[in-house]
Amino acid sequence: MTDLVVPAVINLDVPGPVISRHLYGHFAEHLGRCVYGGLYVGEDSDLPNAGGIRLDVVEALRALDVPNLRWPGGCFADEYHWMDGVGPRDRRPVMVNTHWGGVEESNHFGTHEFMALCELLGAEPYISGNVGSGTVREMSDWVEYLTRDGDSPMVRLRRANGREEPWRVKFWGLGNEAWGCGGHMRAEQYAAEARRFGTYCRDHGGNRLYRVAAGANGDDYAWTETLMKQLGDLGCAHRPAPFMQALSFHHYTVPGSWEDKGDATVFDTDDHYRTMVAAARVDELLTGHSNVMDCYDPGRNVGLVLDEWGTWWNVEPGTNPGFLYQQNTLRDALVAALHFDVFHRHADRLVMANIAQTVNVLQAVILTDPDTGALVLTPTYHVFEMNKGHQDAASLRVDLPAGLPSREVGRASLTTVSLSASRRDGRVLVSLSNLDAAEAVDVELDLRGGAVADVRARVLTAGRLQDHNTPAAPDVVAPRPHEVSATGSGLRVPLPAHSFVTVEGRLA
Ligand code: AHR
């Protein structure tokens, strides 16, 4: 118990917008050891695999209920030519991955391998097509190859490559970061390209595409406005344009400069608070993009997608700078927890979000050892697992008093307590974070309009914010059972310094 008590009111009988499960999406790029060595080791590997896909990684990811997986990039997507990645593996051409380390790309992990991975995970595929260096015909053919039934040139090719039935692929990205690595286009120029590419990505049979236009860099609201105007041309408020159903943007948590982003495990308390301020900015960005979209689409027919988010640190010493390999501490877990609270509050416009990236790259949920293959679940993994009950749940508003605990960080003020809640199938889940590095706090949940029984709470914390998991010590940061106490009208939940807590129970 601590003297610092924050009251929070939750009306259990007033469900808000549904939190799409796709807000817990993933991203796997041909970058460093994400695909090769992370998700895919090849059929000849000593590690247990199915067609080359690592089964221990699949098992760990299945426990997260991964809703979707974005692939093959990122920047790589706009250099990827899918035809190079189908057919017998020994005849696939090798290419150079110019964006990421200049290494050779064998193309051994291609369309069929990706779809097999999605099937093993039970995740929906989200494919990023190549707008930057590809052609409209190439992308159109890819959609046909994957999703068309009956007879056609692409269907015959797919069958010749061993797949009789079409797959279902709903989510389709029209390029990536078109303002940068995806072609250095101006917004108007990209909007025209997106209309053209989107037009020829056809709905085959019952497969209805959900086309995501490549959106803004951070707070470039003008980019979002330009794309929305293109939709407005066709009167999207009443009849959504057929060539684009959503637009995206990216936000990375980088408290330092791009030249020196800071170290993943060596940082001080001030660095921690700066990180939390940078992470919390996602709320401002989501509000900004949503406000622009509301002007052109008040009915909220067009989705907003944050298809890359996460921390971005300097690479681990001694690793390839082009591989973006970084450790993952309790601080990263708090960044994730904060993002999810914000996502839940924006559930009426935000339809998808994808952590960058799933394995061995940036804010990974899994790290694997390049020599031994040993697998480690990161602190961020545990936040995804502890929060999975929010997927497809109805959000519940959390009312907090003014004057929440906060820290002054430079010219910013950081609120150090964050909460969100939801209900689904007669169960309630509340997520609570204490971002403060030193002070514990208790949250007193005033639960109105119902009661919660069979309460189970877990806490994710550690002695130090810098603590992380390694093959030798895999459970330094892992969820443990947590004690909460009943009050007259709800629950009192202690939050240790730098901790993430979930409380779940049955709606009684
Ligand atoms: O996730 C790493 C890179 O970050 C992606 O390839 C790119 O889209 C972004 O700049």
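Reading guide: rules and limits
- Residues numbered from 1 in each chain as written.
- Predicted model: local features only at pLDDT ≥ 70, side-chain atom pairs only at ≥ 80, totals over all residues.
- Helix = DSSP H or I, 4+ residues; strand = E, 2+ residues; numbered from the N terminus.
- Rg over C-alpha atoms; globule rule 2.2 N^0.38 Å.
- Buried ≥ 20, exposed ≤ 12 C-beta atoms within 10 Å, placed from the backbone.
- Contact = placed C-beta atoms within 7 Å.
- Domains from an automatic or database assignment.
- Nonpolar A, V, L, I, M, F, W, Y, C, P; charged D, E, K, R; others polar.

Visitor: Can you tell me about the overall build of the protein, naming the residues and giving the values?
Guide: Of regular secondary structure, the protein possesses nine helices and 26 strands. Against the globule reference of 23 Å for 508 residues, the protein gives a C-alpha radius of gyration of 23 Å, in line with a compact fold. Along the longest, intermediate and shortest principal axes, the C-alpha atoms of the protein span 70 × 55 × 45 Å. Within the protein, buried positions represent 50% of all 508 residues. If you take every contact in the protein between residues at least 6 apart in sequence, the share linking residues at least 24 apart comes to 77%.

Visitor: Can you explain the domain arrangement of the protein? Please cite residues and give values.
Guide: Here the protein is described as being made up of domain 1 (5-13 + 395-507) and domain 2 (19-391). Using only C-alpha atoms to locate each centre, domain 1 and domain 2 end up separated by 29 Å. Contacts between the two partners involve 35 residues from domain 1, matched on the other side by 37 residues from domain 2. Only strand 17 (406-409), strand 18 (412-415), strand 19 (417-424), strand 20 (427-434), strand 22 (452-460) and strand 26 (499-507) provide two or more residues apiece to the side of domain 1 that touches domain 2. The element best represented in the side of domain 1 that touches domain 2 is strand 19, accounting for five residues. Its residues assigned to classes, the side of domain 1 that touches domain 2 shows 16 nonpolar, 13 polar and six charged.

Visitor: Give a description of the environment of lysine 170 that names residues and reports values.
Guide: Residue position: lysine 170 is located in the loop between helix 4 (153-160) and strand 9 (171-174). A count of 16 C-beta atoms within 10 Å places lysine 170 in the partly exposed class. Taking the C-alpha atoms as reference points, lysine 170 and tyrosine 210, separated by 40 residues in sequence, lie 5.4 Å from one another. When near neighbours in sequence (up to four residues on either side) are disregarded, lysine 170 contacts Glu124, Arg208, Leu209 and Tyr210.

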